[in-house]
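Remarks on the overall topology
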Amino acid sequence: MKIEFFGACQTVTGSQHIITINGKKLLLDCGFWQGRRKDMETLNREFPFDPKSIDAMILSHAHIDHSGNIPNLVKQGFRGKIYCTKATAQITELMLEDSARVQVYDVGYLNKKLPLGAEPLQPIYTPEDVAPAMKNFVGVNYHEEFSPLPGVKAYFRDAGHVLGSALTTLELVEKGTVTRLGFTGDLGRKFLPILRDPEQIKAVDYLISESTYGDRLHDTLATSYIDLAKAINDTYARGGKVIIPSFALERAQELLYIIHELINQKAIPPLFVYLDSPLAQRISEAFSDYPDLLDEETQKTFLEQDKDPFIFTTLRFVETPEESKKLNNIKQPCVIISASGMCEFGRVRHHLKNSIADKKNTVVIVGFMAENTLGRRLLEGAKEVNILNEKLPVRAKIVVLNSLSAHADQNDLVKFIIGAGKLKKLFLVHGEENAMAVLTDKLADAPIGEIVRPGKGDSIKL
Ligand SMILES: [Zn+2]
C-alpha cells in the first residue's frame, strides 16, 4: 500500500493524491492548479498519472483547486465513481460550469491577440464536458459509511469550510492489515457564520492535513461584524459606494448573512445591496436545499422563523451584464458584492474601474489575494492601478478584513492534528513553504512519528 502526492505539494493549489491498495487506485481530489496562465497550462492539461488507471475518487469539497480538473480527468478516460457529499456534488457542478465558461472566454480573448498563422489556444474543457463528468458523481451523507474500492471503508465528517466540505476517514485493509488514514481536504474554523463547526478526525495512523495558515492566527469573527459595519456607515455618511470583491462560494453567502444581520440589528442603514454574481446567486439558492447542514444560529435566527438568511428587502440580484453596467449610474450609497474574489476576472473589475478614483467610495477586501493580482495591489496600498487597460489613481478608501477566512489558523491546525490520534506519519500539504515550516516547529513536541512535507511525485509506503 502506498500514497503518492501530485498536487498541493508545498503550495496551495492543484490538490491531487493517490492511494494504491490491493492493486487499485483511489484518487483524493482532482484540483486545478491556479496561478500564472503560462505555468499552469501544461500542469492542468496533462496529468502526471494515467487517468484511465484510477479506479475511484473522493472529492473533499467544491473549490476549484480541489475539483477543477475533474472534467479533464473524465475526458482522458477516467470511468470510476466520484464520492462526495450531496451538497458538494450540486455546488461542484455550478463551479465547473463557471470554470469552463471562464476558460472559453479567456481563450477566445487571447486567440484574438495571436499573431497571424499561430495555432489557436484551446480551453482545457468546455461547458459541454461538465455533464458527462457529473454522471460519475455519487452523493453520500455525512456519517454514512461507504466503500469506494474493495478493502476500503470511507466516512465523511463535516469540515466546516464551505457547504458540503468533508473530512475523510479511510479504513484500508490489505493482506489482513488494517490501516486508518485521515484526509482534511480544507479544514474550516469554529464560529464561521452559517456553517456548522468542523468535526474531529479521530484515531488514525496517518493524516494528510492542509496547512494554509500554519504560520498565522486569525482575528476573531466578531471583528468582521464591527469592521464591516464601520466601513459601510463611513461610506454611507460620505454618500459613496462600498465595493466588495468576493469569492462566489461561501464568502458571498457570509457577506449577505452578516449584512442581513447588521441591518436587522440597525447597526447599518437599510441601504441597497447588489449581489452582482450569477454564480454566487445560484450557490446561495443551493444552500436552501440543505437546511440540516446549517449551524444552530442560522437555524434559530432564520430558518425557524421561515426566513431565508440570504434574502432581505434591500437585496437585489444582478443577472445580466447590462443590469451590471447600470449600477455605474447609481448615485445613492449602496453595497456591491461581485466576483472574482481576487479582482482578476469578472464584473468586479468594472465596478472598481468606475469607483476607485473617487474618495467617497470604499473597497472592502475580505479574502485571500494571491501575488500578481489586482486585489493584492489594492491590499498592499498601491497609489495607482491598471484596470481594464486604464490607469487610475486609488482614491477610494481600502479596508481590509482579516477575520473572515474559511481556513483553520495555526492554533486550530495544531489542536486538530493532535486530536487525530497517535500518528505514525503526518503529511503536510496545501500550504506554502513558510506556513509548513512554522507549523512543523509548533508540532515539535506532539506525539507524531514523523512529519513529512511531500514534494510533487513523492511516493510513500504506508
Ligand atoms: Zn477550499
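Residues numbered from 1 in each chain as written. Predicted model: local features only at pLDDT ≥ 70, side-chain atom pairs only at ≥ 80, totals over all residues.

Some points on the overall build of the protein
What the protein contains, in helices and strands, is 14 helices and 22 strands. Relative to the 2.2 N^0.38 estimate, which gives 23 Å for 462 residues, the radius of gyration of the protein is 22 Å and therefore close to what a compact globule would have. Referenced to the eigenvectors of the C-alpha coordinate spread, the extents of the protein come out at roughly 70 × 60 × 40 Å. Expressed as a percentage of the 462 residues in the protein, the buried residues total 45%. Taking contacts inside the protein between residues at least 6 apart in sequence as the whole, the part at least 24 apart equals 75%. (Helix = DSSP H or I, 4+ residues; strand = E, 2+ residues; numbered from the N terminus. Rg over C-alpha atoms; globule rule 2.2 N^0.38 Å. Buried ≥ 20, exposed ≤ 12 C-beta atoms within 10 Å, placed from the backbone. Contact = placed C-beta atoms within 7 Å.)

Regarding unusual backbone geometry
Looking along the chain, the bond that leaves Ala339 and enters Ser340 is cis, with omega of 10°. Even without being a glycine, Phe191 presents a positive backbone phi close to 70°. Along the chain, Phe191 falls in the loop between β10 (177–183) and β11 (206–210).

Side note on the pairing of strand β8 (residues 152–158)
The alternating pattern of β8 places Val152, Ala154, Phe156 and Asp158 on a buried face and Lys153, Tyr155 and Arg157 on a face that is not buried. Inspection of the sheet shows strand β7 (residues 146–149) paired to β8 by two bridges, in the antiparallel sense. Residue pairing across strands places Leu149 opposite Val152, the latter belonging to β8. Where β7 hands over to β8, the hairpin turn is made up of two residues, of which Gly151 adopts a positive phi near 85°. In this structure, β8 lies alongside strand β9 (residues 166–174), joined through seven bridges in antiparallel fashion. Bridge pairing in β9 places Ala154 opposite Leu170. (Pairing = 2+ DSSP bridges.)

Focus: the environment of Asp219
Mapped onto the elements of the fold, Asp219 is located in the loop between β11 and α6 (222–238). Separated by 118 residues in sequence, Asp219 and Ile337 place their C-alpha atoms 22 Å apart. Apart from residues lying up to four places away in sequence, Asp219 is in contact with Asn402 and Ser403.

So, the sheet that holds strand β21 (residues 450–452)
The mixed open sheet is built from seven strands, whose spatial order is β7-β8-β9-β10-β11-β20-β21. Two strands close off the open sheet at either side, each with one partner strand: β7 and β21. Across the sheet, the mean angle separating the axes of adjacent strands is 25° when strand polarity is ignored. (Axes fitted to C-alpha atoms, helices over the stretch in contact; angles between N-to-C directions.)

Concerning the pairing of strand β17 (residues 384–387)
Here β17 pairs with strand β18 (residues 390–393) via four bridges, running antiparallel. Paired with Val385 across the two strands is Leu392, which belongs to β18. Counting the residues that bridge the hairpin from β17 to β18 gives two residues, and of these Leu388 lies at a positive phi of roughly 50°.

Comments concerning the domain arrangement of the protein
As far as domains go, the protein holds domain 1 (2–216 + 406–461) and domain 2 (222–400). Facing 17 residues of domain 1, the contacting portion of domain 2 comprises 20 residues. Taken together, the residues that form the side of domain 1 that touches domain 2 break down as twelve nonpolar, two polar and three charged. (Domains from an automatic or database assignment. Nonpolar A, V, L, I, M, F, W, Y, C, P; charged D, E, K, R; others polar.)

Concerning the packing of helix α7 (residues 251–264) against helix α8 (residues 278–287)
One way to put it is that α7 packs onto α8 with a least axis distance of 9 Å and a crossing angle of 70°. Between α7 and α8, the crossing angle belongs to the class labelled roughly perpendicular. Of the residues in α8, those touching α7 at Ala252, Gln253 and Leu256 are Ala280, Ile283, Ser284 and Phe287. The residue makeup of the contact of α7 with α8, split by class, is five nonpolar, two polar and no charged. (Parallel < 35°, antiparallel > 145°, perpendicular 65-115°, else oblique.)

Remarks on helix α14 (residues 433–442)
The complete set of buried residues in α14 reads Ala435, Met436 and Leu439. Taken end-on, α14 shows its buried residues confined to a sector of 95°, consistent with a single buried face. Pointing more than 90 degrees away from the buried face of α14 are the exposed residues Glu433, Asn434 and Asp441. Looking at the buried positions of α14, the neighbouring elements they touch are α13 (410–419) and β20 (425–429). (Arc of directions from axis to C-beta.)

Quick word on the environment of Ala248
Among the structural elements, Ala248 can be located in the loop between β12 (241–245) and α7. A residue is classified by how many C-beta atoms lie within 10 Å of it, and Ala248, with 26 of them, is buried. It is 45 Å that separates the C-alpha atoms of Ala248 and Lys175, two residues lying 73 residues apart in sequence. Setting aside residues up to four positions removed in sequence, Ala248 forms contacts with Ser277, Leu279, Ala280, Ile283 and Ala339.

Considering the environment of Asn328
Within the secondary structure, Asn328 is located in the loop between α10 (321–326) and β15 (334–338). On a C-alpha basis, the gap between Asn328 and Glu450 in space is 56 Å, while along the polypeptide they are 122 residues apart.

Thoughts on the nonpolar core
Core analysis: the largest hydrophobic core is formed by 123 residues, its most contacted members being Leu26, Leu207, Ile244, Val335 and Val364. In terms of domain composition, this core takes at least three residues from each of domain 1 (2–216 + 406–461) and domain 2 (222–400). If we ignore the near neighbours within four places in the chain, the residues touching Leu207 are Gly182, Ile201, Ile417, Ala420, Leu423, Leu426 and Phe427. (Core = buried A, V, L, I, M, F, W, Y, C linked by C-beta atoms within 7 Å.)

Description of the sheet that holds strand β13 (residues 272–276)
Each strand in a sheet pairs with its neighbour through backbone hydrogen bonds, running either in the same direction (parallel) or in the opposite one (antiparallel). With parallel pairing, the six strands of this open sheet are ordered in space as β14-β13-β15-β12-β16-β19. Two strands close off the open sheet at either side, each with one partner strand: β14 (315–317) and β19 (397–400). The sheet shows a mean angle of 20° between the axes of neighbouring strands, direction not considered. In terms of strand pairing, strand β16 (residues 362–365) meets β19 through four bridges, oriented parallel.

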